[in-house]
Amino acid sequence: MSELTEQAPAEPAPASGPTGDLVVDYLLARRPELGVIDPDYDLIDNRVLDSLGFVNFLYVLEEQTGREIALDQVSPEDFRTLRRIRARFFDADQD
Amino acid sequence: MTDTLTSLDNAPKATPSASASAHAYLAALPDILGGDERFKAILDRLTAMSERDYYDPYKLFVWPESLPQDAWWMSPELMSVHGTEVGATLDEAQLRALSKWESVNFYSLNVHGIRELLTSIVARIHMPGFEVASEYFHHIIGEENDHMWFFARFCLLYAGKVYPDRSLAFAGPGIPEADTFLLFARLLIFEELVDVFNQRMGDDDRLAPTIRHINSVHHQDESRHIAFGRQIVALLHRDLRTRLSAEQLAELETYLKAYMRSSVESLCNPSAFRDAGIPEPFAVRRAVLADPAFDAYAARILKRSTSHMVSEGIFTHDPNKNDTNERTPSS
């Protein structure tokens, strides 16, 4: 789907959802037709994440990690898959 | 303006046919912009007005050491919580405190938005296709640099910080011929949105003179930039109507409407709630955005911009009215 055609649904609340993973639940609320999201599914190429919806996703991450994420220290690649998101923002040894 | 107002990127993944279309479009740009006599005349007039109204921003403003902390820093009806259930739970002291931090967020968005604007204009000035606009681009660059300076100075002097840019641009499939149009359309939306605030706050007696002054000066300058933006966006879209399918034009409309909405949402920043001492800032932001009063707020702020897009045929439909006009190919 083109970036230009995709319209995000109303902003979902990151309350505990069906998967028990708040980040996954947020993304599935945006794209419920996916059903499940593989850890290596490309969230950017498949337009699950896009520029217009990014800041809301950022706030979900910040709320869940309890830390502000400085964007000069990350790149779009850090958000490409669930595996990378977990490694970058949730693993114990990440900076 | 960022957070979302600036960060958007229509960077295409170029296929051979898309590249060919993009090259053909760039080759046609001198005729699209340079071939319109009315556009040239408007640019000449705007250039003359910029020269006539030139001022030294470094000497123009009075910067008191501090501003009253318990006063309104932003017109309350322009605050994101206005009319919402969240807003109703806050007492006036809390609202006034929030008005300070929402105003700092607003000026911070301006700072980041102007950075993108300057980057975009500098990338095009004296480049093929933009010859007709280069003279006026010099004025825009100078004036926008001044604006960025006084907005940043306000934030640093009275809040000790500029809120960081929270946007990230993702490349993706797009419509290469529309890149230039989308750039100027986003900038125009940014300027029109900001101007709604500047116009109101520049004339609001509840606000400190310094606040009123920076808003009124910005409003004066932006009226010229908006006039330019409206012309170039309309011109570029008229040309796109001869190049793109109805489906592609509809995609542009959908995208710009989503951009408008995300731009208004960027005015509601959890950091402002946190700095104002309001607990659970992320949950508060979600509650504000989900409140029907926020939809009304967005419609009010975007009203002028949306009406212009409809009147120029860029939007076939004003979401706040029942005036759908079916788009036909090359209409």
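Note that the coordinates shown come from a computational prediction; the quantities given were computed from them, not determined experimentally. (Residues numbered from 1 in each chain as written. Chains lettered and ligands numbered in written order. Predicted model: local features only at pLDDT ≥ 70, side-chain atom pairs only at ≥ 80, totals over all residues. Heavy atoms only, no water.)

Remarks on the overall build of chain B
Basically, it comes down to this: Each helix is a run of H or I in the DSSP string that is no shorter than four residues. Each strand is a run of E no shorter than two, and both are numbered from the N terminus. The quantity called the radius of gyration is restricted to C-alpha atoms. Its globule counterpart is 2.2 Å times the number of residues to the power 0.38.
Tallying secondary structure elements over chain B gives twelve helices and zero strands in all. Overall, chain B shows an N-to-C arrangement of helices and strands of α-α-α-α-α-α-α-α-α-α-α-α. Compactness check: chain B gives a C-alpha radius of gyration of 20 Å against a globular reference of 20 Å for 331 residues, within 12% of the reference. Considered along the principal axes of its C-alpha atoms, chain B spans approximately 55 × 45 × 35 Å.

So, the packing of helix 6 (residues 131-158) of chain B against helix 8 (residues 209-243) of chain B
All names here are of chain B. In plain terms, the rule: Here an angle of 0 to 180 degrees is reported between the N-to-C directions of two axes, which are lines fitted to C-alpha atoms, with helices fitted over the stretch in contact. Angle categories: roughly parallel below 35 degrees, roughly antiparallel above 145, roughly perpendicular from 65 to 115, and oblique for all the rest. A clockwise turn of the near helix away from the far one marks a right-handed crossing, whereas an anticlockwise turn of less than a right angle marks a left-handed crossing. Contact between two residues is taken to exist if any of their heavy atoms lie within 4.5 Å; hydrogens are not considered.
Relative to each other, helix 6 and helix 8 sit at 160°, their axes nearing to 11 Å. Taken together, helix 6 and helix 8 sit at an angle that is classed as roughly antiparallel. Handedness of the crossing formed by helix 6 with helix 8: left-handed. Contact with helix 6, carried on its side by Ala-133, Tyr-136, Phe-137, Ile-140, Glu-143, Glu-144, His-147, Phe-150, Phe-151, Phe-154 and Tyr-158, involves Thr-210, Ile-211, Ile-214, Val-217, His-218, Asp-221, Glu-222, Arg-224, His-225 and Phe-228 of helix 8 and no other residues of that element.

A short note on helix 9 (residues 246-265) of chain B
The condition is simple: To estimate how far a helix should extend, the number of its residues minus one is multiplied by 1.5 Å. The buried label applies to any residue whose accessible area, calculated with a 1.4 Å probe on protein chains only, is under 20% of its type's maximum; exposed applies above 50%, and partly exposed to all values in between.
Here helix 9 of chain B contains 20 residues, and its C-alpha end-to-end distance of 29 Å stays within 8% of the 28 Å for a straight helix at 1.5 Å per residue. For helix 9 of chain B, a buried count of 15 out of 20 residues is recorded, marking the element as mostly surrounded by other parts of the structure.

Structural notes on the pattern of salt bridges
The condition is simple: Each reported salt bridge corresponds to a side-chain nitrogen of Lys or Arg within 4 Å of a carboxyl oxygen of Asp or Glu.
Taken as a whole and assessed by the stated rule, the structure comprises 31 salt bridges over all chains. Between Arg-86 of chain A and Asp-21 of chain A there is a salt bridge, and its shortest N-O distance comes to 2.8 Å. With a gap of 65 residues between them, Arg-86 of chain A in helix 3 (residues 82-90) and Asp-21 of chain A in the segment before helix 1 (22-30) connect regions that are remote in the sequence. What makes Arg-86 of chain A partly exposed here is its relative accessible area of 32%. With a relative accessible area of 24%, Asp-21 of chain A lands in the partly exposed category. One salt bridge connects Arg-206 of chain B with Asp-204 of chain B, and the closest N-O pair in it is separated by 2.9 Å. For Arg-206 of chain B, a relative accessible area of 36% gives the class partly exposed.

Considerations on the environment of Val-36 of chain A
Mapped onto the elements of the fold, Val-36 of chain A is located in the loop between helix 1 and helix 2 (51-65). Linking Val-36 of chain A and Asp-25 of chain A, residues eleven residues apart in sequence, is a C-alpha distance of 9.5 Å.

Quick word on the nonpolar core
We apply this condition: Remark: nonpolar core denotes a set of buried residues (Ala, Val, Leu, Ile, Met, Phe, Trp, Tyr, Cys) joined through side-chain atoms within 4.5 Å.
Among the nonpolar cores identified, the biggest contains 103 residues, and Phe-181, Phe-184, Phe-197 and Phe-228 of chain B are the most heavily contacted of them. When neighbours within four sequence positions are excluded, Phe-181 of chain B is seen to be in contact with Val-233, Leu-236, His-237, Leu-240, Leu-252, Leu-256 and Ile-314 of chain B. In this structure, Leu-28, Ile-37, Phe-79 and Ile-85 of chain A belong to the second largest nonpolar core, which totals 24 residues.

Side note on the state of the cysteines
Residue and element names in this part refer to chain B. To keep it simple, the criterion reads: Any two cysteine sulfur atoms lying within 2.5 Å of each other are counted as a disulfide.
A complete count under the given rule lists zero disulfides over all chains for this structure. We note that Cys-155 lacks a disulfide partner, and the nearest cysteine sulfur, in Cys-268, lies 17 Å from it. Judged by relative accessible area, which is 0%, Cys-155 ranks as buried. Residue class for Cys-268 comes out buried when judged on its relative accessible area of 0%.

Structural notes on the confidence of the model for chain B
Quick note on the threshold: pLDDT is defined as a per-residue confidence score from the predictor, taking values between 0 and 100.
Model confidence for chain B is summarised by a mean pLDDT of 90, while 91% of its residues fall at 70 or above. The complex model carries a pTM of 0.89, and its ipTM stands at 0.85.

Quick notes on the packing of helix 7 (residues 179-201) of chain B against helix 12 (residues 292-311) of chain B
Residue and element names in this part refer to chain B. Applicable threshold: Asp, Glu, Lys and Arg are counted as charged, while Ala, Val, Leu, Ile, Met, Phe, Trp, Tyr, Cys and Pro are counted as nonpolar; the rest, among them Gly, fall into the polar class.
Running from N to C, helix 7 and helix 12 point in directions that differ by 130°, and their axes come no closer than 10 Å. Classified by the angle their axes make, helix 7 and helix 12 are oblique. With respect to the hand of their crossing, helix 7 and helix 12 are arranged in right-handed fashion. Counted together, Ala-185, Leu-188, Ile-189, Glu-192, Leu-193, Asp-195, Val-196, Phe-197 and Gln-199 of helix 7 and Tyr-297, Ile-301, Leu-302, Arg-304, Ser-305, His-308 and Met-309 of helix 12 form the full contact between these two elements. Residue classes in the contact of helix 7 with helix 12 are distributed as ten nonpolar, three polar and three charged.

Structural notes on unusual backbone geometry
Backbone geometry at Arg-47 of chain A places phi at a positive 65°, although glycine is not the residue there. On the secondary structure map, Arg-47 of chain A appears in the loop between helix 1 and helix 2. With a phi close to 50°, Glu-280 of chain B is a non-glycine residue in the positive phi region. For Glu-280 of chain B, the position within the fold is in the loop between helix 10 (270-275) and helix 11 (281-290). Glu-280 of chain B gets classed as exposed once you look at its relative accessible area, which sits at 61%.

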